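Descriptive structure summary
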Amino acid sequence: MKGKIMYAALAAVVLFIWVFMSSADNPVLYAASGKSISAGAAKIKTTPETPIPMSGYGSRKDPFKGVHDDLFARTIVFSDGENTAALIAVDLSGFSHKLWDEISTEISEKTGIPKENIMLSATHNHNGPTTREYKEVSGRGYNQKYSAEVAAYVETLKQKLVSVVAEAKDNLAPVRVGAGEGECLMNINRRAEDGKGNITLGRNPYGPCDHDVAVVRIDNVKGSPVAVFVNWPCHGVVIGPSNYLISGDWPGAAARYVENNLGSNVIVPVTAGASGNINPIYGPHMNFESSYAYAVDAIGKILGEEVIRVANEI
């Protein structure tokens, strides 16, 4: 689907263009006024240091037992000198409305970025820690005795997200921004027939599935990439519920692959698009050891290679 622009996928560009142009009385004149866009990027490790319950699978009853690979928050801050916007991608399953409100408010108060210009996105990773602070919920694996530790992690997470956005804002410098699109076939519709007239979780190659890979490349004035924003719709569930090790799943693997190949200073926020009915072709009920032998790293590499190919052609 070359040439197609996916508005949701190109969230970073849409966000700051909307912020900047909507503030002008005449968007056409504003766009032609010659104002330059600046951007800054940063990332911070968000792996919990104390074992707490994981998110993503209700069958888990115990806190995580170790760390396979670290979790991160990655952010890009945009500015035209008058208006500022932030895009933040975090290796978590999700944010409650309450937590989103608390984090966005604190970021706004500490950095001066208007709350309505802050886009806080989770990668929907099912192998990270829970951020739920409530007590025991029957059948969901969130044990009351760990609530204090979870609350402590959430507080630390808030401070880290404020810190990483502030760092990105401090790194603001003139940039050039371009967008491109590729394709990755490592995802599949997950609403499948069971042969008995029912629909269940599975792999349905006949169902609709968005394979588009949206890439936004942000370069400094010398032409070197500062950040590459990636959107590919897929649940972060390569690794199944038997896993008790912290991992970024495929979003973490893809970000690592692109950063390792484009340079350690390049920040790669990943978002999972409209992935409600889309799973990776591997998982989510794989043995952890075997899944990392080929599944997570394979998806990370294949998606990462496509991201790099598209980025190099922008």
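Conventions and cut-offs
- In this convention, every chain numbers its residues from 1, walking through the sequence in written order.
- For a predicted model such as this one, the threshold for reporting local features is a pLDDT of at least 70, and the threshold for listing and counting side-chain atom pairs is 80 or more; totals across whole chains, interfaces and linings nevertheless cover every residue.
- To obtain the side-chain values, all non-hydrogen atoms of the structure were used and water was disregarded.
- The pairing criterion for strands is at least two bridges between them, as found by DSSP.
- Helix and strand assignments follow DSSP, with helices taken as H or I runs no shorter than four residues and strands as E runs no shorter than two, numbered in order from the N terminus.
- Axis angles are defined between N-to-C directions and span 0 to 180 degrees, where every axis is a line fitted to C-alpha atoms and, for a helix, only to the segment in contact.
- For this classification, under 35 degrees means roughly parallel, over 145 means roughly antiparallel, 65 to 115 means roughly perpendicular, and everything else is oblique.
- Note: crossing handedness is left-handed where the near helix turns anticlockwise from the far helix by less than a right angle, and right-handed where it turns clockwise.
- The contact rule is simple, with two residues in contact once any of their heavy atoms fall within 4.5 Å.
- In this classification, the charged set is Asp, Glu, Lys and Arg, the nonpolar set is Ala, Val, Leu, Ile, Met, Phe, Trp, Tyr, Cys and Pro, and all remaining amino acids, among them Gly, are polar.
- To estimate the expected span of a helix, subtract one from its residue number and multiply by 1.5 Å.
- Each residue is assigned to one of three classes by its accessible area relative to the maximum for its type, calculated with a 1.4 Å probe on protein chains only: buried under 20%, partly exposed between the two thresholds, exposed over 50%.
- Should a side-chain nitrogen of Lys or Arg be within 4 Å of a carboxyl oxygen of Asp or Glu, the pair is scored as a salt bridge.

Focus on the sheet that holds strand β7 (residues 187–193)
Strands in a sheet are paired, the pairing made by backbone hydrogen bonds, and the direction either parallel or antiparallel. Strand order in this open sheet of three strands is β8-β7-β13, and the pairing throughout is antiparallel. The sheet is open, and its two edges are formed by β8 (199–204) and β13 (278–280), each paired on a single side. Shown here is a sheet whose adjacent strand axes are inclined to one another by a mean of 50°, direction ignored.

Some remarks on the packing of helix α3 (residues 97–111) against helix α4 (residues 147–170)
In helix packing, the relevant descriptors are the interaxial angle and the interaxial distance, both defined with respect to the helix axes. Interhelical geometry of α3 versus α4 gives an angle of 40° and a closest axis separation of 9 Å. Considering their axes alone, α3 and α4 lie oblique with respect to each other. The two elements α3 and α4 cross, and the hand of that crossing is right-handed. Every residue of α4 that contacts α3 at Leu99, Glu102, Ile103, Glu106, Ile107, Lys110 and Thr111 is listed here: Val154, Lys158, Gln159, Leu161, Val162, Val165, Ala166 and Lys169. Taken together, the residues of the contact of α3 with α4 break down into eight nonpolar, two polar and five charged.

Observations regarding α3
The terminal C-alpha atoms of α3, which comprises 15 residues, lie 21 Å apart, in line with the 21 Å expected from a rise of 1.5 Å per residue. Turning to α3, its buried residues number three or more, namely Leu99, Ile103, Ser104, Glu106, Ile107, Ser108 and Thr111. Where the residues of α3 are buried, they touch β4 (84–90), β5 (118–122) and α4.

Observations concerning the pattern of salt bridges
This structure, assessed with the given rule, holds 13 salt bridges. The partner of Glu259 in a salt bridge is Lys43, and the shortest N-O contact between them spans 2.8 Å. Highlighted residues: Glu259 in helix α5 (residues 249–262) and Lys43 in strand β1 (residues 38–45), separated in sequence by 216 residues. On the basis of relative accessibility, which here comes to 29%, the residue Lys43 falls in the partly exposed class. Between Glu102 and Lys98 there is a salt bridge; the shortest N-O distance is 2.7 Å. Here Lys98 and Glu102 lie together in helix α3, a separation of four residues that amounts to about one turn. When its relative accessible area of 24% is taken as the criterion, Glu102 is described as partly exposed. By relative accessible area, Lys98 is classed as exposed at 52%.

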